[in-house]
Amino acid sequence: MAIRTRGGALGHQAHGSRLRSVQQPGRLPPGVASVLSVLSSSAVVVDSNDRVLRASAAARAFGLVKGDQLMVSELLALARQVRRDGEIREGVFEVPVPSASGRTTSFAVRVAPLGGVGGGGLVLVLADDQTESRRVDEVKRDFVANTSHELKTPVGALALLAETIEDAADDAEAVRRFASKMRQEAQRLTSLVQDLITLSRIQAVEPVPDPRPVSLDAVIAEAVDRCRMKANARGIALASGGSRGLVVLGDEDLLVTALLNLLENAVAYSPERTRVVVSARRAGEGNAELSVADQGIGIPERDLERIFERFYRVDPARSRATGGTGLGLAIVKHVMAAHNGKVTVRSTEGAGSAFTLSFPLRGERQEEPK
Ligand code: ADP
């Protein structure tokens, strides 16, 4: 537990005589209850006999308070110290989660006198659950660490290749070979930076701020067109089918990006001369689905949950060989969240995968295109 004292404005005010005189032991000062009820923190007021005078529902649910007792001994000790000297104190506490053996919740706590030294002896305890903000911090830290690592790999390779070219300056054939490898690494770097920009752009627009009607036919046509060269290079047939004329509300560029990522994966993780099929359909009440099915290597059951995480790859060597950044499916997931939709996957190892994008239909059918 870390405790800090603060002689801030509230601390000095607590020593003042104006507040000191208005306290009656065992009673809340007028207006305090209504102030406490609007605070987002769990709030507890303890009187001069260490009895809890008031506790928010959250403070009870978290197990900080039971009946009229503060249940965390360090908190009680802190409240007594504050009552004695009127100094505001802050600390971080691990509190056991009620009925979850071994688990704790981390609280940032502020304890302040509520009435001054020698007044009613009331002490206010404000506690904020830190679990979510810690998790977010952790995710950010991991992301920065992973991104730096991912950037280091191609940059390191470029430095090494440049050195090799210097050493082989007299061998024209070797220079050409290494220069071509340099180009590949530079391309990898470009894709990574591009995907990072796309990811941060999407996260900034969840949900899509200015959704417009988007024809799924147009999304399919554009994504298939942009994937055609990669598919042809591997002899993979790209086919589209299903319902036509479906319209959703959203951002066409983002939806094309999402579908293109799925198509490029389908091509990258399939053997040559197989088939990739993209199709649209109405699903249930007012929903549309776009799915991409391949006859590729499939995804092991245990990895299905994790493939949407940033930089998660089932087989890092294969992803590297195909020029993958590890961000494609994370981008797809965020695009779908921005459209009130979701992405799901079904896969059988060795037989193929089917990714499905589902989102609300705009509620209107366009003319059947000829
Ligand atoms: P990457 O750039 O590595 O392809 P993605 O985020 O697009 O990153 O995908 C994450 C991982 O999911 C891939 O590395 C791959 O292991 C797996 N994966 C994605 N799509 C498919 C697919 N159609 N078939 C098999 N595996 C796939």
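Data block above holds the structure.
Read on for an overview of the structure. These numbers were taken from a predicted model, which means no experiment stands behind them.

1. Here's the deal with the nonpolar core
Link 1 in the chain: Core analysis: the largest hydrophobic core is formed by 52 residues, its most contacted members being Leu-259, Leu-263, Leu-290, Phe-355, Leu-357 and Phe-359.
Link 2 in the chain: Counting residues per element, the ones that place at least two in this core are α7 (172-204), α8 (216-233), α9 (252-268), β12 (275-283), β13 (287-294), α11 (328-338), β14 (342-348) and β15 (352-360).
Link 3 in the chain: Here the element with the most residues in this core is α9; it accounts for 10 residues.
Link 4 in the chain: Both domain 2 (131-204) and domain 3 (206-370) contribute no fewer than three residues apiece to this core.
Link 5 in the chain: When residues no more than four places from it in sequence are discounted, the contact partners of Leu-290 are Leu-216, Val-219, Ile-220, Leu-259, Ser-279, Ala-280, Phe-355, Thr-356, Leu-357 and Phe-359.
Link 6 in the chain: Within the second largest apolar cluster, 22 residues are counted, among which are Ala-55, Val-82, Phe-93 and Val-125.

2. Some details on the layout of surface pockets
Link 1 in the chain: If you add up the space inside the largest pocket, you get close to 1200 Å³.
Link 2 in the chain: As for the largest pocket, its lining consists of 41 residues, of which Asn-261, Glu-264, Asn-265, Ala-268 and Gly-324 are closest to the centre.
Link 3 in the chain: When residues of the lining of the largest pocket are traced back to their parent elements, those giving at least two are α7, α8, α9, β13, α10 (316-321), α11 and β15.
Link 4 in the chain: It is α9 that contributes the most residues to the lining of the largest pocket, 9 residues altogether.
Link 5 in the chain: A class-by-class count of the residues in the lining of the largest pocket yields 15 nonpolar, 17 polar and 9 charged.

3. As for the packing of aromatic side chains
Link 1 in the chain: Taken as a whole and assessed by the stated rule, the structure comprises 3 aromatic pairs.
Link 2 in the chain: Note on Phe-62 and Phe-107: the rings are 4.9 Å apart at their centroids and 80° apart in plane angle, and the pair reads as edge-to-face. Note that Phe-62 is positioned in the loop between α4 (57-61) and β4 (65-66) and Phe-107 in strand β7 (residues 104-113), a separation of 45 residues in sequence.
Link 3 in the chain: Residue Phe-62 is classed as partly exposed on the basis of its relative accessible area, which comes to 26%.

About the thresholds
- Residues numbered from 1 in each chain as written.
- Predicted model: local features only at pLDDT ≥ 70, side-chain atom pairs only at ≥ 80, totals over all residues.
- Heavy atoms only, no water.
- Core = buried A, V, L, I, M, F, W, Y, C linked by side-chain atoms within 4.5 Å.
- Buried < 20%, exposed > 50% of the residue type's maximum accessible area, 1.4 Å probe, protein only.
- Helix = DSSP H or I, 4+ residues; strand = E, 2+ residues; numbered from the N terminus.
- Domains from an automatic or database assignment.
- Contact = heavy atoms within 4.5 Å.
- 1 Å grid on protein atoms, 1.4 Å probe; cavity = no way out; pocket = protein on both sides within 12 Å on 5 of 7 lines; lining within 4 Å.
- Points joined across faces, edges and corners; volume = space filled by probe spheres on them.
- Nonpolar A, V, L, I, M, F, W, Y, C, P; charged D, E, K, R; others polar.
- Phe/Tyr/Trp six-rings, centres within 6.5 Å; stacked < 30°, edge-to-face > 60°.

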